[in-house]
Amino acid sequence: MINSNKQILVQQRSNKCQLLPGMWALTTGRIISGENTREGCVREFREELGIHIDKDECKLVKSFMKNRLGMIWDIYFIRKDVNLE
């Protein structure tokens with residue numbers, strides 16, 4: 001997510017995360033059965049950051065295969081001004 005001041009929102013991952021615990025990163029997540037990646041993006045922002053976004057605000061930037069397991073990663077760009085207090 002980027003705001004009108006060109007500030008990029010990052011979050012600190014929980015120390016309990018299996019992957020990169022405690023690291024500062026962009027918001028990520030996994031889709032659940034029955035949802036597409038855009039719906040998963042909306043849900044993850046709400047769950048992880050408490051920020052409500054509309055699926056139309058999620059612009060797909062790139063989709064690619066990650067690793068030999070065939071994981072598909074969709075990267076979305078969100079331009080929005082939010083109050084972070």
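Whatever comes next refers back to the structure up there.
In what follows, the accompanying structure is described.

What counts, and where the lines are drawn
- Residues numbered from 1 in each chain as written.
- Predicted model: local features only at pLDDT ≥ 70, side-chain atom pairs only at ≥ 80, totals over all residues.
- Heavy atoms only, no water.
- Core = buried A, V, L, I, M, F, W, Y, C linked by side-chain atoms within 4.5 Å.
- Buried < 20%, exposed > 50% of the residue type's maximum accessible area, 1.4 Å probe, protein only.
- Helix = DSSP H or I, 4+ residues; strand = E, 2+ residues; numbered from the N terminus.
- Contact = heavy atoms within 4.5 Å.
- Expected span 1.5 Å × (residues − 1).
- Polar contact = N/O pair within 3.5 Å; in protein donor to acceptor, adjacent residues only side chain to side chain.

## Side note on the nonpolar core
Met-1, Leu-9, Cys-41, Val-42, Phe-45, Ile-51, Ile-53, Cys-58, Tyr-76 and Ile-78 form the largest nonpolar core, which has ten residues in total. Residue contributions to this core peak at three residues, all from helix H1 (residues 37-49). Apart from the residues lying within four places of it in its own chain, the contact partners of Tyr-76 are Thr-37, Arg-38, Cys-41, Cys-58, Lys-59, Leu-60 and Val-61.

## Observations concerning H1
Given a rise of 1.5 Å per residue, 13 residues ought to cover 18 Å, and the 17 Å separating the end C-alpha atoms of H1 matches this to within 8%. Those residues of H1 that fall on the buried side of the exposure criterion are Gly-40, Cys-41, Val-42, Arg-43, Glu-44 and Phe-45. The inward-facing, buried residues of H1 contact strand S4 (71-77). Backbone nitrogen of Arg-38 and a side-chain oxygen of the N-cap are separated by 3.0 Å at the start of H1; the cap is Asn-36. Just past H1, the residue Gly-50 takes up positive phi, approximately 70°.

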